[in-house]
Amino acid sequence: MKINVVADVKNTECDILIVNQFEGEKTTEELANKYAVEEDKFEGKFGQTYLLPTYGKQPARKILVVGFGKKSEFNSDKFRIATYKAVKKAMQMKAKKVAFDFSALEFNWAEQFAYGVYFADYSFDKYKTKKDDKIEEVFVNCDESLLRRSEIIMEGMKLTRDLANEPAAFATPTKLAEVAQSFGLDTKIYEKEDCEKMGMGAYLAVGQGSSQPHKFIHMKHSCPNPRKKIALIGKGITFDSGGLDIKPPSSMLTMRDDMSGAACVLGIMSKIKELAPDVEVHGIIAACENMPGCSAYKPGDILTAKNGKTIEVDNTDAEGRLTLADALCYASELGVDEVIDIATLTGACMVALGNVAAGIVGNDCEMVQNVISAAKEVGERYWELPMYEEYKESLKSEVADMQNTGSRWGGASTAGLFLKEFVKDVKWSHIDIAGVAFMDKPMNEFIKGASGAGVRALINYISK
Ligand code: BES
Ligand code: MN
Ligand code: ZN
């Protein structure tokens, strides 16, 4: 799909011209006003559409009126979703060339326009012999530099979504390492032996029941005078069977998505050179597979993380925090100002927030608030969860410094407190995307499957 910025959208030859209508108002299109608004009383409620043939009276073969709802209730999120719906509708009609003539909008909509169009364009049809119908060309008149920047972000997100949608047999730790090495960044892959030398006993334990080798990935984007140094850590469990504490089939079904955090970091790092923020950005992934093979780690094992702290394994299915523990220790030693980890960490977070919002905790109120508002600006929703000390009670172990699971209640907060034990002298935020990384059915601008959670938000946070 190619987006062309043109001055005169209305006079562009296309299959469908898309115009907007606020509820109870008129459109900018004469034919639409005559037939849709006046004759057929099309109201323009949010998400409604009305299709009108032009019979050669216009350069566009058809006009699609999209309801934007009440003007007083309109915002950039609704705009993105309405754009998405309009494009989807055009695709259903097998349109190849689509023009947009949006009017009466009070914000610079180029960014959200690109998001809406790219979300609609996305599908994962690599394994289908019959490919999905796609729009070939889009014509629009909007802020071109903002549009092009947003396109770069969405291309990064495509990589994120593809990797998370891929079967675990394809997106292995080795594959993630190969992908990381393809960006032309300063990248180091630590093998199992290297991780042993670094004392990453928690991370190593998780992957030891799998035939897939561990890959600890560190990508670095440098710049001359960095305003700030940030490390991004993505949970990279390429498949989470639960390990010996094996998951039931219904819970295991989508566990190829347990590397969505890693996929997010890879999506961002794939475009970091082009986006060129004046920030030093480290992308870190402790990739491995959680399997119940004959050498698997076991409940009751006691592990020693990189910082020397010991962990009793209470449940092999609480593996993400073990891999993140060593990654957080590693990141804490890089001399960065801030660390952000993003992870499909707990079912508890999903229970709390559904697939509508991600959970966030951290050790610095201001940083957490800044991440939340950076997310909100681009259309992602993060909700802060508490990290009261009381949640830590259940992580107590009689034989080690802590155990890897606590009480079922408040599980997302407990997981956050567990991670905090491995963060040293650096500002840190932890984003739990267990609920939002993978949709079980279509919602808003997302189709079923990987959503690309974190890409827009973290790029916006880094760039600010
Ligand atoms: N990867 C899962 C969390 C998850 C659940 C992600 C649902 C996406 C959707 C994680 O490794 C896990 O298994 N967590 C356990 C922890 C428990 C054993 C303390 C959970 O949440 O049940
Ligand atoms: Mn698990
Ligand atoms: Zn997991």
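Given the structure is predicted, the values throughout are model-derived calculations rather than measurements.

### Some points on the overall build of the protein
Stage number 1. Helix and strand counts for the protein stand at 14 helices and 19 strands.
Stage number 2. Scaling as 2.2 N^0.38, a compact globule of 464 residues should have a C-alpha radius of gyration of about 23 Å, and the protein matches this with 24 Å.
Stage number 3. With respect to the three principal axes, the spread of C-alpha positions in the protein is 80 × 50 × 45 Å.
Stage number 4. A total of 464 residues make up the protein; the buried ones form 57% of that total.
Stage number 5. Sequence-distant contacts in the protein: of pairs separated by 6 or more residues, those separated by 24 or more amount to 77%.
Stage number 6. Of the roughly 19000 Å² that the protein leaves accessible, carbon and sulfur atoms contribute 50%.
Stage number 7. Placing the 58 positive and 67 negative side-chain charges of the protein at their respective mean positions leaves the two points 4 Å apart.

### A few points about the site of ligand 1
Stage number 1. By nearness alone, 16 residues border ligand 1, and Lys 247, Asp 258, Asp 317, Glu 319 and Gly 347 come closest of all.
Stage number 2. Lys 247 places a polar side-chain atom, nitrogen or oxygen, 2.8 Å from an oxygen atom of ligand 1.
Stage number 3. In the model, an oxygen atom of ligand 1 is placed 2.9 Å from a nitrogen or oxygen of the Glu 319 side chain.
Stage number 4. Summarising the interface, the protein chains cover 78% of the accessible area of ligand 1, which totals 520 Å² for the free molecule.
Stage number 5. Elements with a minimum of two residues in the shell around ligand 1: strand S9 (228-240) and helix H11 (347-353).
Stage number 6. Grouping the constituent residues of the shell around ligand 1 by class yields four nonpolar, five polar and seven charged.

### Regarding the coordination of the zinc ion (ligand 3)
Stage number 1. The coordination sphere of the zinc ion (ligand 3), as far as protein atoms go, consists of Lys 235 (NZ), Asp 240 (OD), Asp 258 (OD) and Glu 319 (OE), spread over 2.0 to 2.4 Å.
Stage number 2. With six donor atoms in place around the zinc ion (ligand 3) and angles of 78 to 177° between them, the coordination shape is octahedral.
Stage number 3. Each donor residue of the zinc ion (ligand 3) lies on the same chain, and together they follow the pattern K-x4-D-x17-D-x60-E.
Stage number 4. In this structure the manganese ion (ligand 2) is found 3.1 Å away from the zinc ion (ligand 3), and Asp 240 serves as a bridging donor for the pair. Of this pair, Lys 235 sits in strand S9 while Asp 258 is found in the loop between helix H8 (249-252) and helix H9 (260-275), placing the two residues 23 residues apart along the sequence. Comparing Lys 235 with Asp 258 shows no difference in burial state: the two are buried.

### Details of the pattern of salt bridges
Stage number 1. Counted by the stated rule, this structure contains 30 salt bridges.
Stage number 2. Here Glu 377 makes a salt bridge to Lys 464, at a shortest N to O gap of 2.7 Å. Taken as a pair, Glu 377 in helix H12 (residues 365-378) and Lys 464 in the segment after helix H14 (455-463) lie far apart in primary sequence, 87 residues in all.
Stage number 3. Since its relative accessible area comes to 43%, Glu 377 is described here as partly exposed.
Stage number 4. If you follow the salt bridges from partner to partner, you end up with Asp 77, Arg 80, Glu 445 and Arg 456 in one network.

### Focus on the side chain of Lys 235
Stage number 1. Residue class for Lys 235 comes out buried when judged on its relative accessible area of 2%.
Stage number 2. A distance of 3.1 Å separates the side chain of Lys 235 from the side chain of Asp 258, its partner in a polar contact.

### Considerations on the coordination of the manganese ion (ligand 2)
Stage number 1. Around the manganese ion (ligand 2), the donor atoms from the protein are Asp 240 (OD), Asp 317 (O), Asp 317 (OD) and Glu 319 (OE), and they sit 2.1 to 2.2 Å away.
Stage number 2. Coordination at the manganese ion (ligand 2) comes from six donor atoms whose angles at the metal span 71 to 168°, giving a geometry best classed as irregular.
Stage number 3. For the manganese ion (ligand 2), the single-chain donor residues occur in sequence as D-x76-D-x1-E.
Stage number 4. For Asp 317, a relative accessible area of 23% puts it in the partly exposed group.
Stage number 5. Given the relative accessible area of 1%, Glu 319 is considered buried.

### Digging into the pairing of strand S17 (residues 427-432)
Stage number 1. Among the six residues in S17, five count as buried, and that is most of the element.
Stage number 2. Two strands pair when backbone bridges link them, and strand S13 (residues 338-343) and S17 are joined in this way by six bridges, in the parallel orientation. Bridged to Ile 340 within S17 is Ser 429.
Stage number 3. Examined bridge by bridge, strand S14 (residues 358-362) and S17 share four bridges and lie antiparallel to one another. If you follow Val 361 over to S17, its bridge partner there is His 430.

### Observations regarding the packing of aromatic side chains
Stage number 1. Per the stated rule, a full pass over the model turns up 22 aromatic pairs.
Stage number 2. Between the aromatic rings of Phe 42 and Tyr 50, the centroid separation amounts to 5.6 Å while the plane-to-plane angle is 55°, which identifies the pairing as tilted.
Stage number 3. For Phe 42, a relative accessible area of 10% translates into the label buried.
Stage number 4. Pairwise contacts between aromatic rings join Phe 22, Phe 68, Phe 74, Phe 79, Phe 100, Phe 102, Phe 107, Trp 109 and Phe 113 into one cluster.
Stage number 5. Between the NZ or CZ atom of Lys 188 and the centre of the ring of Tyr 190, over which it lies, the distance is 4.9 Å.
Stage number 6. Looking at Arg 456, its charged tip hangs above the ring of Tyr 115, at a distance of 5.6 Å from the centre.

### Thoughts on the packing of helix H10 (residues 320-332) against helix H13 (residues 411-420)
Stage number 1. Look at H10 against H13: their axes get within 9 Å of each other, and the N-to-C directions meet at 35°. Relative to H13, H10 is oriented so that their crossing is right-handed. Together, Arg 321, Leu 322, Leu 324, Ala 325 and Leu 328 of H10 and Ala 415, Phe 418 and Leu 419 of H13 make up the contact between the two elements.
Stage number 2. Here the residues of the contact of H10 with H13 are counted per class, giving seven nonpolar, no polar and one charged.

### Section: helix H4 (residues 144-165)
Stage number 1. Compared with the 32 Å implied by 1.5 Å per residue over 22 residues, the 31 Å span of H4 between its first and last C-alpha is a close match.
Stage number 2. Measuring from the side-chain oxygen of the N-cap residue of H4 to the backbone nitrogen of Ser 145 gives 3.3 Å; that N-cap residue is Asp 143.

Calculation notes
- Residues numbered from 1 in each chain as written.
- Chains lettered and ligands numbered in written order.
- Predicted model: local features only at pLDDT ≥ 70, side-chain atom pairs only at ≥ 80, totals over all residues.
- Heavy atoms only, no water.
- Helix = DSSP H or I, 4+ residues; strand = E, 2+ residues; numbered from the N terminus.
- Rg over C-alpha atoms; globule rule 2.2 N^0.38 Å.
- Buried < 20%, exposed > 50% of the residue type's maximum accessible area, 1.4 Å probe, protein only.
- Contact = heavy atoms within 4.5 Å.
- Areas by Shrake-Rupley, 256 points an atom, 1.4 Å probe, with all protein chains shown as cover.
- Lys, Arg positive; Asp, Glu negative; His and termini not counted.
- Charge placed at Lys NZ, Arg CZ, Asp CG, Glu CD.
- Near = heavy atom within 4 Å.
- Polar contact = N/O pair within 3.5 Å; in protein donor to acceptor, adjacent residues only side chain to side chain.
- Nonpolar A, V, L, I, M, F, W, Y, C, P; charged D, E, K, R; others polar.
- Donors = N, O, S within 2.8 Å, 3.2 Å for Na, K, Ca; no water.
- Tetrahedral: all angles 85-135°; square planar, octahedral: opposite > 155°, others 65-115°.
- Salt bridge = Lys/Arg side-chain N within 4 Å of Asp/Glu carboxyl O.
- Pairing = 2+ DSSP bridges.
- Phe/Tyr/Trp six-rings, centres within 6.5 Å; stacked < 30°, edge-to-face > 60°.
- Lys NZ or Arg CZ within 6 Å of the ring centre and 35° of its normal.
- Axes fitted to C-alpha atoms, helices over the stretch in contact; angles between N-to-C directions.
- Left-handed = near helix turned anticlockwise from the far one by under 90°.
- Expected span 1.5 Å × (residues − 1).

Note that all results are geometric; they support no functional claim without further evidence.
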